[in-house]
Amino acid sequence: MVDVRIAGKKYWIVQHPDALKYIFSEHPKAFTKHGITKILRYFFGEGLVTSNDEAWAQKRKLVQPSFHKKQLSKSLGIIQNETGAFIKKLNGFPPNSEVNVNQELLALNVAIVFRALFGTSLDHQIDEMLHILQELNQFATKWMRSPIKIPLNWPTASNRKFHQNCRQFDAIIYKVIRERREGKAPKSDDLLSTLMHYKNAESGEGMSDRQLRDEVTTIFMAGHDTTSQTLGWILYELALNPSISQKIRVELNKTQDPRPFTADTLQQFTYTNQVIKEGLRHYPAISAVMRKPKKEVELNDIRIGPSANFLINIYGMHHHPDYWGHPEKFDPERFTIEADKNRPSFVFFPFGGGPRYCIGSGFAMMTMQVVLLELVKNFDFDVPAGFQPEIEPNITLKAKGGIRLMIQKVNFKDAF
Ligand code: HEM
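The rules behind each value
- Residues numbered from 1 in each chain as written.
- Predicted model: local features only at pLDDT ≥ 70, side-chain atom pairs only at ≥ 80, totals over all residues.
- Near = placed C-beta within 6 Å.
- Helix = DSSP H or I, 4+ residues; strand = E, 2+ residues; numbered from the N terminus.
- Nonpolar A, V, L, I, M, F, W, Y, C, P; charged D, E, K, R; others polar.
- Core = buried A, V, L, I, M, F, W, Y, C linked by C-beta atoms within 7 Å.
- Buried ≥ 20, exposed ≤ 12 C-beta atoms within 10 Å, placed from the backbone.
- Contact = placed C-beta atoms within 7 Å.
- Pairing = 2+ DSSP bridges.
- Axes fitted to C-alpha atoms, helices over the stretch in contact; angles between N-to-C directions.

Engineer: How do you make sense of the site of the ligand when you look at a structure like this?
Structural biologist: Around the ligand, 24 residues are found, and the nearest of them are Gly 223, Thr 226, Gly 352, Cys 358 and Gly 360. Those elements that provide at least two residues to the shell around the ligand are α9 (209–240) and α15 (361–378). The element that contributes the greatest number of residues to the shell around the ligand is α9, accounting for seven residues. Looking at the shell around the ligand, its residues break down into 14 nonpolar, seven polar and three charged.

Here is the structure:
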């Protein structure tokens, strides 16, 4: 644990398994997420990610069933369907095309998460949505990096653009809510419908449109970018290490064509899952999370008062040389069943820990399994000459300007 001052605020940077165990599993109620950046709170509103204590517990209880195994199996159909269309799209690219894989994967994951949450496709609005998300992301990055934070309600040109993008985003979400309320959209048992059926136990009131918007927006935002960034980094590593793709193909070849995948058949791909875990270790999409103690706490024999902020360094822990040999090497062999068993807790925690553990981890794993298997089955990847991605820790861990790769069709049967 190290204490530093950033812009006049005191932060404890935490990257020790004992301290993490204290924060996440032994005393989670002693901490809140108040350190969360204002801009996220402004955009997410009062959804699951930004709320605390009793308000958070109620939301979590309400949302959790939408991520249970049975519901996830239904989402698997959507994931495969969208991935099929994605492979078709890539097949239409000229041979040996250079592709910004982050852009393509983002479009895919936006389509998947939107359909899974709302039971409807973005269809012709997908480009508009991608454009809005890109602009919001650029604005958030600039805002977070700027040492002087111009208040969001000042009428500067970039603030005005930000609010316009927020309004356009909301218009898409509110339209889906309105159509569902008016019975214009087909009935569907997705997250939106679970939330719409909620009635407060005391008042009997359901959720307002604004509450619904905050909940679904939160989950949509938390879900699409994290998964697509992780997949982008994994593809980059496959391009550098073609033998890893080949091992995935061997695993695919061993199983009689398992498609459509089920949650159980996906578990058979042990090596592919090791590759995904190594992607999550090496490039944790959420590289750090924040916590604030409610009152004085004692961690690693240090007394820390409530004015402190904790920056839990997931990236640092995932690259800590005390726990990982050659941490900068991409090596899926670190995640054999045996190695997983012997690893102390909170050395590998890409989805966080404790009660606020990522609610979408199962959904994300399933998406990454399906997309990776389909991509490797159909394509080879190469790094264009001179290209080296630069890591840009942002809201998610991104490659500056995106990862560019050459993609080439493979004939799966000839790959052996
Ligand atoms: C590779 C993919 C993903 C990664 C690495 C990831 C990572 C994380 C992490 C580290 C947290 C904990 C934050 C904290 O403790 O402050 C978190 C929370 C959360 N994640 Fe994910 N996530 C991923 C995918 C998803 C998906 C697909 C969804 C939904 C569709 C999702 C929804 C959420 C939500 C709603 C929370 C807040 C949970 C709460 O506070 O109760 N995530 N995620």
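Engineer: I tried to follow the nonpolar core on my own but got confused; where do I start?
Structural biologist: Taken as a class, soluble globular proteins show a tendency for nonpolar side chains to be buried jointly. By size, the foremost hydrophobic cluster in this structure holds 92 residues, and its most contacted members are Leu 117, Val 216, Ile 234, Leu 235, Leu 372 and Leu 405. Those residues within four positions of Ile 234 in sequence are excluded, and the remaining contacts are Val 275, Ile 276, Gly 279 and Leu 372.

Engineer: How should unusual backbone geometry be read in this particular structure?
Structural biologist: The phi torsion of most residues other than glycine is negative, and most of the peptide bonds are trans. At Asp 301, a position not held by glycine, the phi torsion is positive, near 65°. Following the sequence through the fold, Asp 301 ends up in the loop between β6 (297–299) and β7 (302–304). For Asp 301, a count of 5 C-beta atoms within 10 Å puts it in the exposed group. Of note, the phi angle at Phe 346 is positive, near 60°, even though the residue is not glycine. Inspection of the secondary structure puts Phe 346 in the loop between α14 (337–342) and α15.

Engineer: What am I meant to see in the sheet that holds strand β4 (residues 97–100) here?
Structural biologist: Strand pairing in a sheet is mediated by backbone hydrogen bonds. Such pairs are either parallel or antiparallel. Taken in spatial order, the three strands make up an open sheet running β4-β12-β9, and their pairing is antiparallel. Edge positions in the sheet fall to β4 and β9 (379–382), since each of these pairs with one other strand and no more. Neighbour to neighbour, the strand axes of the sheet diverge by 40° on average, direction disregarded. One ladder, built from four bridges, connects β4 with strand β12 (residues 404–409); its direction is antiparallel. Residue pairing for β12: Glu 98 is matched across the bridge by Met 406. Contacts between α9 and the sheet are confined to β9 and β12, with β9 contributing the most and set at about 80° to the helix.

Engineer: Sorry if this is basic, but what is going on with the packing of helix α10 (residues 242–254) against helix α12 (residues 270–282) here?
Structural biologist: Between two packed helices, the angle of one axis relative to the other and the distance separating the axes together describe the packing. The geometry of α10 relative to α12 is characterised by a closest axis approach of 8 Å and an angle of 145° between their N-to-C directions. Across the interface between the two elements, Ile 244, Lys 247, Ile 248 and Glu 251 from α10 touch Tyr 271, Thr 272 and Val 275 from α12. Across the contact of α10 with α12, the residue classes break down as four nonpolar, one polar and two charged.

Engineer: Would you mind showing me how to read the sheet that holds strand β2 (residues 9–14) here?
Structural biologist: With mixed pairing, the five strands of this open sheet are ordered in space as β1-β2-β8-β5-β3. Of all strands in the sheet, those bounded by a partner on one side alone are β1 (2–6) and β3 (31–32). The sheet contacts of helix α1 (residues 17–26) involve β2, β3, β5 (288–293) and β8 (309–313), and relative to β8 the element is tilted by about 115°.

Engineer: Which parts of the structure should I look at to understand the environment of Gln 369?
Structural biologist: Note that Gln 369 resides in helix α15. Assessed through the 22 C-beta atoms surrounding it within 10 Å, Gln 369 is described here as buried. Remark: the alpha-carbon pair of Gln 369 and Leu 72, spanning 297 residues in sequence, is separated by 13 Å. If we ignore the near neighbours within four places in the chain, the residues touching Gln 369 are Leu 266, Phe 269, Thr 272, Asn 273 and Ile 276.

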